[in-house]
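# A structural walkthrough
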Amino acid sequence: MAQRTNTLDPPSGFSRRDFLRGSGAAAAAATLHQQTTAALAQEKGAKVVSGKQTITLHVNGKDQQVSVEPRTTLLEALRYQLDLTGAKPICTDGSSGGSTILVDGKPMQANTMLALQATGKKITTVEGLANDAVPKAFVECDAQQCGFCTPGFVGGVRAFLNMNPKATEEDIRNGLNGNLCRC
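Residues numbered from 1 in each chain as written. Predicted model: local features only at pLDDT ≥ 70, side-chain atom pairs only at ≥ 80, totals over all residues. Heavy atoms only, no water.

## Digging into the packing of aromatic side chains
Inspection of every chain in the model, using the stated rule, returns 0 aromatic pairs. Lying across the ring of Phe148, Lys88 places its NZ or CZ 5.6 Å from the centre. (Phe/Tyr/Trp six-rings, centres within 6.5 Å; stacked < 30°, edge-to-face > 60°. Lys NZ or Arg CZ within 6 Å of the ring centre and 35° of its normal.)

Written as structure tokens, this is what we have:
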């Protein structure tokens, strides 16, 4: 006959009660972290939002309203709500330069910036550069192959020339090393 033990502890030394005690503590810590993060964000003036928000974006000289969720990227708002398709969704980490736009005159990757972050900023897309010398030079010099990456290059060149108006061709080439042509 098998011998019976008087202890209810499992052979591993870790009981169900220990597990529940530990997971309860972890859940409490996660909740406390979320509340603390939200409180700190509100202290710094940041607004914690959820659900769809209607925001105004100043794009190519005009105020435009879009309805976005907190996770909506600026690229998604531009392409799918404002029908400005110049910036391309080539990658999700901004490594290709294909979604380059100007935000307050500086180059930004629209696919790595949230639409909510762009409120109150001056946004210029490649469509807003239609009468600029840079896209005209691209057309005159046949500076594209398939053309898919061209809007990112145009935005990048314009931003670089804004910061370096006396740049040489070599300076421009070095300044655009973050833009990739897949051709």
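After presenting the structure, the write-up continues.
## A few points about the sheet that holds strand E1 (residues 53-59)
Spatial ordering of the open sheet is given by E2-E1-E5-E3-E4, a layout of 5 strands whose pairing is mixed. Both edges of this open sheet fall to strand E2 (62-68) and strand E4 (106-109), since each of them pairs with a single strand only. Here the average twist between neighbouring strands, direction ignored, is 45°. With 7 bridges joining them, E1 and E2 adopt antiparallel strand pairing. In the strand pairing of E2, Thr54 is matched with Ser67. Packed on one face of the sheet, helix H4 (residues 150-163) meets strand E3 (100-103) and E4 and runs near 40° to E3. (Pairing = 2+ DSSP bridges. Helix = DSSP H or I, 4+ residues; strand = E, 2+ residues; numbered from the N terminus. Axes fitted to C-alpha atoms, helices over the stretch in contact; angles between N-to-C directions. Contact = heavy atoms within 4.5 Å.)

## A closer look at the pairing of E1
Linking E1 to E2, which pair antiparallel, is a turn of 2 residues; within it Asn60 sits at a positive phi near 50°. Two strands pair when backbone bridges link them, and E1 and strand E5 (residues 122-124) are joined in this way by 2 bridges, in the parallel orientation. Note that in E5 the partner of Val59 across the bridge is Ile123.

## Points about the nonpolar core
Side chains of nonpolar character tend, in soluble globular proteins, to be buried together. If you look at the biggest cluster of nonpolar residues, it comprises 19 residues, and the most contacted ones within it are Leu57, Val59, Leu74, Leu78, Ile101 and Ile123. Elements with a contribution of two residues or more to this core: E1, E2, helix H2 (74-80) and E3. With 4 residues, H2 is the largest single contributor of residues to this core. Core analysis: the next-biggest nonpolar cluster, separate from the first, contains 10 residues, Leu129, Cys149, Val154 and Phe160 among them. (Core = buried A, V, L, I, M, F, W, Y, C linked by side-chain atoms within 4.5 Å. Buried < 20%, exposed > 50% of the residue type's maximum accessible area, 1.4 Å probe, protein only.)

## Regarding the pattern of salt bridges
This structure, assessed with the given rule, holds 3 salt bridges. Here Arg71 makes a salt bridge to Glu69, at a shortest N to O gap of 2.8 Å. For Arg71, a relative accessible area of 64% corresponds to the exposed category. The shortest N-O distance in the salt bridge between Asp132 and Arg158 comes to 3.1 Å. Residue Asp132 is located in the loop between E5 and helix H3 (133-140), and its partner Arg158 is located in helix H4; the two are separated by 26 residues in the primary sequence. In this structure, Asp132 and Arg158 share a single accessibility class: buried. (Salt bridge = Lys/Arg side-chain N within 4 Å of Asp/Glu carboxyl O.)

Read these as spatial facts, not as claims about activity.
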